[in-house]
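Results of the structural survey
Below, each chain spelled out in residue letters.
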Amino acid sequence: MQSVIQPTEHLHHRRPRENGVLVRPASQEDEEGLRRMLSRLSRESVHLRFHAPLPQAPEWAVAMFVNSDRRYGESLVAVAGDEVVGHAMYARQEGDDTAEFAIVVEDRCQARGIGKQLLSALAESAGREGVRCFTGAVLGQNRRMFGLLRSAFERVGYAMEDGAYVVSAPLP
């Protein structure tokens with residue numbers, strides 16, 4: 001049986017930027033905040049992020065989100081007030097200047113510019129590390145992600161593979 005994320009009560013205390021959202025590298029200290037954020041995702045958001053019809057985000061996601069090996073990628077969190085409300089990460093492809101990216105923003109915070117803020121910070125970080133292109137798999141019904149990609153990158157390529165669009169976006 002697969003473990004799932006359960007809601008918890010403990011909250012981190014951090015100061016947000018003036019716009020109310022701070023984007024920063026994820027750390028081990030964010031484990032509970034990420035667990036709470038993932039527990040608040042709707043079934044639809046879980047499906048769009050993990051590409052599987054799971055009732056809740058899987059517990060392994062928390063460990064993956066906080067344990068990014070910075071030699072191969074980056075993991076960022078968006079914090080509003082004292083809550084983690086979003087996460088973005090990239091993993092560099094071995095021997096290449098390409099990295100696979102993924103992003104999730106909790107439902108109640110979507111369509112507020114947090115995804116673009118996360119993706120822009122992630123692209124900036126990746127660019128400094130020599131990454132020239134982001135790739136990722138996006139389900140066809142994830143219209144918000146397609147809009148986010150078009151708003152964040154000058155060019156976005158699309159190819160259908162295994163029931164999802166494989167997107168590629170050269171970094172600025």
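So, here's what we can say about the structure. (Residues numbered from 1 in each chain as written. Predicted model: local features only at pLDDT ≥ 70, side-chain atom pairs only at ≥ 80, totals over all residues. Heavy atoms only, no water.)

We now examine the pattern of salt bridges. Counted according to the given criterion, the structure contains 9 salt bridges. For Arg 35, the salt bridge goes to Glu 59, with nearest N and O atoms at 2.4 Å. Residue Arg 35 is located in helix α1 (residues 31–39), and its partner Glu 59 is located in the loop between α2 (43–50) and α3 (60–66); the two are separated by 24 residues in the primary sequence. Looking at Arg 35, the relative accessible area reads 11%, which means it is buried. For the salt bridge of Arg 40 with Glu 106, the shortest nitrogen-to-oxygen distance reads 2.7 Å. Highlighted residues: Arg 40 in the loop between α1 and α2 and Glu 106 in the loop between β4 (98–105) and α4 (114–128), separated in sequence by 66 residues. (Salt bridge = Lys/Arg side-chain N within 4 Å of Asp/Glu carboxyl O. Helix = DSSP H or I, 4+ residues; strand = E, 2+ residues; numbered from the N terminus. Buried < 20%, exposed > 50% of the residue type's maximum accessible area, 1.4 Å probe, protein only.)

Take the sheet that holds strand β3 (residues 83–92) next. Spatially, 7 strands are ordered β1-β2-β3-β4-β5-β7-β6 in an open sheet, and the strand pairing comes out mixed. Because the sheet does not close on itself, it has two edges, and the strands there are β1 (21–25) and β6 (157–161). In this sheet, neighbouring strand axes are inclined to one another by 25° on average, regardless of whether the strands run parallel or antiparallel. In this structure, β6 lies alongside strand β7 (residues 164–170), joined through 5 bridges in antiparallel fashion. (Pairing = 2+ DSSP bridges. Axes fitted to C-alpha atoms, helices over the stretch in contact; angles between N-to-C directions.)

Okay, α2 next. Every buried residue of α2 is listed here: Ser 45, Val 46, Leu 48, Arg 49 and Phe 50. Of the surrounding elements, those touching the buried residues of α2 are α3, β3 and β4. Positive backbone phi, at 60°, marks His 51, one or two positions downstream of α2. (Contact = heavy atoms within 4.5 Å.)

All quantities given are derived from atomic positions and should not be read as evidence of function.
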